[in-house]
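Residue strings, one per chain:
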Amino acid sequence: SRRQRQMCIRDSKLTLLELGYGDGTFTRTYLRYLSPHCKLLTLSDINRQEDAGWIEERFDGHPDINIEILQADAESEDFHRMALAENSRDIIFSSSMFQWLNSPRQMLKVCAEALCHRGIIALSFYGPGTLKEVNDTVGSGLKYHSPEWMARIARECNLKIESLESEEETIVFDTSTEALRHLRLTGVNALPATPSPAKARQLLNHWPLTPDGKASLTFRPVYMLSLIHISEPTRPLYI
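Residues numbered from 1 in each chain as written. Predicted model: local features only at pLDDT ≥ 70, side-chain atom pairs only at ≥ 80, totals over all residues. Heavy atoms only, no water.

Further remarks concern the overall build of the protein chain. Looking only at helices and strands, the protein chain has 8 helices and 11 strands in total. By sequence separation, contacts in the protein chain at least 24 residues apart represent 82% of the contacts at least 6 residues apart. (Helix = DSSP H or I, 4+ residues; strand = E, 2+ residues; numbered from the N terminus. Contact = heavy atoms within 4.5 Å.)

Our next topic: the packing of aromatic side chains. Applying the stated rule across the entire model yields 4 aromatic pairs. Between phenylalanine 26 and tyrosine 30, the ring centres sit 5.2 Å apart and the planes meet at 70°, which makes this aromatic pair edge-to-face. Residue phenylalanine 26 and its partner tyrosine 30 are both found in helix H1 (residues 25–34); the two are separated by 4 residues, about one turn of the helix. Given a relative accessible area of 30%, phenylalanine 26 falls into the partly exposed group. In this structure tyrosine 30 comes out as buried when scored by relative accessible area, which is 5%. Geometrically, the ring pair formed by tyrosine 126 and phenylalanine 219 is tilted, given 5.9 Å between the ring centres and 50° between the ring planes. Placement of the pair is tyrosine 126 in strand S6 (residues 115–126) and phenylalanine 219 in strand S9 (residues 215–219), with a sequence separation of 93 residues. Judged on exposure class, the residue tyrosine 126 and its partner phenylalanine 219 are both buried. Pairwise contacts between aromatic rings join Phe26, Tyr30 and Phe93 into one cluster. (Phe/Tyr/Trp six-rings, centres within 6.5 Å; stacked < 30°, edge-to-face > 60°. Buried < 20%, exposed > 50% of the residue type's maximum accessible area, 1.4 Å probe, protein only.)

The next thing to look at is the environment of arginine 89. Here arginine 89 lies in strand S5 (residues 89–95). On the basis of relative accessible area, arginine 89 is assigned to the buried category, the value being 3%. Each C-alpha atom, one on arginine 89 and one on threonine 42, is 9.9 Å from the other, the two residues being 47 residues apart in sequence. In contact with arginine 89, other than residues within four places in its own chain, are Thr15, Leu16, Leu17, Leu40, Thr42, Glu68, Ala83, Ala114, Leu115 and Cys116. Of the polar contacts made by the side chain of arginine 89, one reaches the backbone oxygen of alanine 83; its length is 3.0 Å. (Polar contact = N/O pair within 3.5 Å; in protein donor to acceptor, adjacent residues only side chain to side chain.)

Before going further, it helps to examine the nonpolar core. If you look at the biggest cluster of nonpolar residues, it comprises 32 residues, and the most contacted ones within it are Leu19, Phe79, Leu84, Ile92, Phe98, Leu108 and Leu159. When residues in this core are grouped by element, the largest group, 6 residues, is from helix H4 (residues 104–114). Beyond its immediate stretch of four places on either side in the chain, isoleucine 92 contacts Leu17, Leu19, Leu84, Cys111, Ala114, Leu115, Ile120, Ile121 and Ala122. Membership of the second largest hydrophobic core comes to 16 residues, among which are Leu14, Tyr30, Ile91 and Leu227. (Core = buried A, V, L, I, M, F, W, Y, C linked by side-chain atoms within 4.5 Å.)

Glancing now at the pattern of salt bridges. One pass over the full model with this rule turns up 7 salt bridges. Ionic pairing is found between arginine 81 and aspartate 78, a salt bridge with its closest N-O pair at 2.1 Å. Here the residue arginine 81 and the residue aspartate 78 both occupy positions in helix H3 (residues 77–83), the gap between them amounting to 3 residues, near one helical turn. The exposure class assigned to arginine 81 is exposed, which follows from its relative accessible area of 56%. Because the salt bridges share partners, they merge into one network encompassing Arg105, Arg152 and Glu156. (Salt bridge = Lys/Arg side-chain N within 4 Å of Asp/Glu carboxyl O.)

Further remarks concern the sheet that holds strand S3 (residues 38–45). As summarised here, the arrangement of the 7 strands in space is S4-S3-S2-S5-S6-S10-S7, forming an open sheet in which the pairing is mixed. Strand pairing shows two members of the sheet lacking a second neighbour, strand S4 (66–71) and strand S7 (159–166), which therefore form its edges. Neighbour-to-neighbour, the strand axes of the sheet open up by a mean angle of 10°, direction not taken into account. Each of strand S2 (14–19), S5, S6, S7 and strand S10 (221–228) is contacted by H4, which is oriented at about 150° to S6, the strand it contacts most. (Pairing = 2+ DSSP bridges. Axes fitted to C-alpha atoms, helices over the stretch in contact; angles between N-to-C directions.)

Where H4 contacts helix H6 (residues 147–156), the axes come no closer than 9 Å and their chain directions differ by 40°. On the basis of the axis angle, H4 is oblique to H6. Considering how the two elements wind past one another, H4 and H6 form a crossing that is right-handed. Of H6, the residues touching H4 (which contributes Pro104, Arg105 and Leu108) are Trp149, Met150, Arg152, Ile153, Ala154 and Glu156. (Parallel < 35°, antiparallel > 145°, perpendicular 65-115°, else oblique. Left-handed = near helix turned anticlockwise from the far one by under 90°.)

Below, the structure is given as structure tokens:
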């Protein structure tokens, strides 16, 4: 959520895991608040990130923090053994990754089991209606789950929903070529699994345009904050 929220954490140093850290934009945001409370940070992504120098810069002055970077498929059993052992994490972050998973339900279950008592999962994902311009033209390779569906499976995993919010944002480009370039650069493209030049031409030629001839892209992000049921008094931390 973009609004400030009160989260309950343990007084001891925290173990953090981020699934799909990408270029580190979201990582930098939460570390501004959590780095003084952190003892272990694990960053994982299915792709290798070549430029990770910002990590060392961010932790300058905090030599007691251990950092590990994993290139792995978050749904693999090997990754679960390495990074999601039972009762091993205080906070798990994930930004814009869950819509890519084969089984969000199973992933959320594994994450819930990996949380320590009073642990927190903070994630964002894209909901139905995201990139409807692409889906209406060439179809989508992704299935966007609704906020209600994600909340239901979170509760099935014994997670308490602290916050669930969604919003819609539309970006307008002068041409469909510029819109398609934006999709390729961001990676959140929802194109079919095996795109072809013919599909790209179809998209460019038949992109639904606004009344003034512009090409738009619609995003519907969802923000969900879940935590294991808290039965003891805790120290609040604002993030």
